[in-house]
Amino acid sequence: MRFYVLGLNPIGTLIAYHLRTALPSTHSVTLFHKSYRSARIAYSRSDGALAVETRGVVQKCDGFQSEVLEKGEISGVGVTFNPNLSNEQTPNYVPPAEDIHTDTIESLFVTTKPMFTTNVLSKLVSRLNAKSTIVLLQNGMGILEELVQKVFRNPETRPNFILACNSNGAWLKHTCRVVHSAHGALEFAVVPDPRKRDFEASLMEESKPKYERRLNLDDITQPGDPLYEQYRSLRGTVAVLNSLDALGAKWCPMADVQVAMRKKLVVHAVVNPLTALLGCRNSSLFHDRGSQNILRSVCEEASAVFRAQLEDETECWLRSLGPNVDKSQIPLGRMPPDLEAERLMEEVTRAVCRQGNVSSTLSDITHGRPTEIQYMNGYLVALGKRLGVPTPVNATLCDVIRMRSALPLDQIIWSSAL
């Protein structure tokens, strides 16, 4: 199989490294670069290798391929990176035919910022189809829905999707060298199939007690299946993801991953805007009454939104059963205890205990980059509006982060200038 990684940020670099070390050399791992400049910087640092530092021990891995996305005349075309080109030669470079790639992308790991994902994948859409698999590994929520609405509208040609929730900590020491600073978990689930194949069928196998039931690759596909080629990349992607023990990878039911993603969303919805506005590390929060009050308000609003969402989804499911089903005998879905406000507050408080962490939103604002706020607090606000749940604190945090982002860095009065 051919695996691709889009977004060589800390998590993307970590994923790419572990994919390459886990896979036999017969499977390729290709790194996407947005420009020849970024590809050249990466190559000059390490000759095409990636390095992971864990507790001061550095391990390197090579054998990667690289494609540059900016040189193709047709949207989605990738061009093999040529490290022998100088800066002067690059603008007029015409790649040979064998270096131009328009083939189907079998498995794509996406770790780019969510606000850039739709634009990038829309350019790659000619290389993505029902035989492809896309793994979304990002902060925030709502990007899958956005992709389905704007890029992959046709369910018959839509790629398979995997949603992943990562709690491993990582930061770039420099391009191509990542520090794995905190070991966590990488929980992932396969998004339900629009073609109605049940990827979690083994969990309903009544011949076994519940504690013995496990997700099974054969529920995705197996040799002899008439649709094997359509689901082959999904099976292969799940298999390699599940082998990444160093990242605590685990294939989970979609319901479990949805809970994990919502918990992580709330952590970011509290920590990211507050640290960005205060200019502090995560561990500096919640030592005062003000930040504690905001913590409670965000968690209460989020919990109310999640409860309304669950009730709405349950109602939609009941309506789909038809008039001949006795709905009074169907147990309704319950609110997961981990999504109650008090439990969410505990989750956020635990998350900030990792000393020294700097939130992505603070880093983005400090460097003048767009923030992910619309996929964090903004997601809760939009969902609350649709479900009739007020979210005034989350809405205010969105507004002040947008105000802060709009303020030019050279107009900010730093304490050292006073």
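Residues numbered from 1 in each chain as written. Predicted model: local features only at pLDDT ≥ 70, side-chain atom pairs only at ≥ 80, totals over all residues. Heavy atoms only, no water.

Considering helix α1 (residues 10-22)
Residue pairs three or four apart in sequence face the same way in an α-helix, which turns once every 3.6 residues.
Then, in step 1: The terminal C-alpha atoms of α1 lie 18 Å apart, and with 13 residues this matches the ideal 18 Å at 1.5 Å per residue to within 8%.
Then, in step 2: For α1, the tally of buried residues reaches 10 of 13 residues, placing the bulk of the element in the interior.
Then, in step 3: Among the residues of α1, those classed as buried are Ile-11, Gly-12, Thr-13, Leu-14, Ile-15, Ala-16, Tyr-17, His-18, Leu-19 and Arg-20. (Helix = DSSP H or I, 4+ residues; strand = E, 2+ residues; numbered from the N terminus. Expected span 1.5 Å × (residues − 1). Buried < 20%, exposed > 50% of the residue type's maximum accessible area, 1.4 Å probe, protein only.)

Quick look at the pairing of strand β8 (residues 107-110)
Then, in step 1: A two-sided burial pattern is seen for β8, the buried positions comprising Ser-107 and Phe-109 on one face and Leu-108 and Val-110 on the other.
Then, in step 2: Relative to β8, strand β1 (residues 2-6) is paired through 4 bridges, and the arrangement is parallel. Bridge pairing in β8 links Val-5 to Phe-109.
Then, in step 3: Note that the unit made of β8, helix α3 (residues 114-123) and strand β9 (residues 133-136) has a crossover that is right-handed. (Pairing = 2+ DSSP bridges. Right-handed = clockwise from strand over helix to strand, strands pointing away.)

Things to note about the environment of Ile-220
Then, in step 1: On the secondary structure map, Ile-220 appears in the loop between β13 (186-190) and α5 (228-242).
Then, in step 2: By relative accessible area, Ile-220 is classed as buried at 0%.
Then, in step 3: Along the sequence, Ile-220 and Ala-201 sit 19 residues apart, while their C-alpha atoms lie 9.2 Å from each other.
Then, in step 4: Each residue touching Ile-220, except ones within four places of it in the same chain, is listed here: Arg-197, Phe-199, Asp-225, Tyr-231, Leu-234, Arg-235, Val-238 and Trp-251. (Contact = heavy atoms within 4.5 Å.)

Re the packing of aromatic side chains
Then, in step 1: Under the counting rule described, the total for this entry stands at 6 aromatic pairs.
Then, in step 2: Geometrically, the ring pair formed by Phe-199 and Tyr-231 is edge-to-face, given 5.9 Å between the ring centres and 70° between the ring planes. Pair noted here: Phe-199 is in the loop between β13 and α5 and Tyr-231 is in helix α5, with a separation of 32 residues, a long-range link.
Then, in step 3: Through a chain of ring-to-ring contacts, three or more aromatic side chains come together here, namely Tyr-36, Tyr-43, Phe-81 and Tyr-93. (Phe/Tyr/Trp six-rings, centres within 6.5 Å; stacked < 30°, edge-to-face > 60°.)

Notes on the nonpolar core
Then, in step 1: Ranked by size, the top nonpolar core spans 62 residues in total, and within it Leu-108, Leu-121, Leu-124, Leu-136, Val-270 and Val-348 carry the most contacts.
Then, in step 2: A per-element tally of this core places helix α6 (residues 254-278) first, with 12 residues.
Then, in step 3: Apart from residues no more than four positions distant in its own chain, Leu-136 is found in contact with Val-110, Ile-143, Leu-144, Leu-147, Phe-161, Ile-162, Leu-163 and Ala-164.
Then, in step 4: Among the nonpolar cores identified, the runner-up in size contains 39 residues, and Phe-3, Val-5, Ile-11 and Tyr-17 belong to it. (Core = buried A, V, L, I, M, F, W, Y, C linked by side-chain atoms within 4.5 Å.)

Any functional reading would require information beyond the geometric quantities listed.
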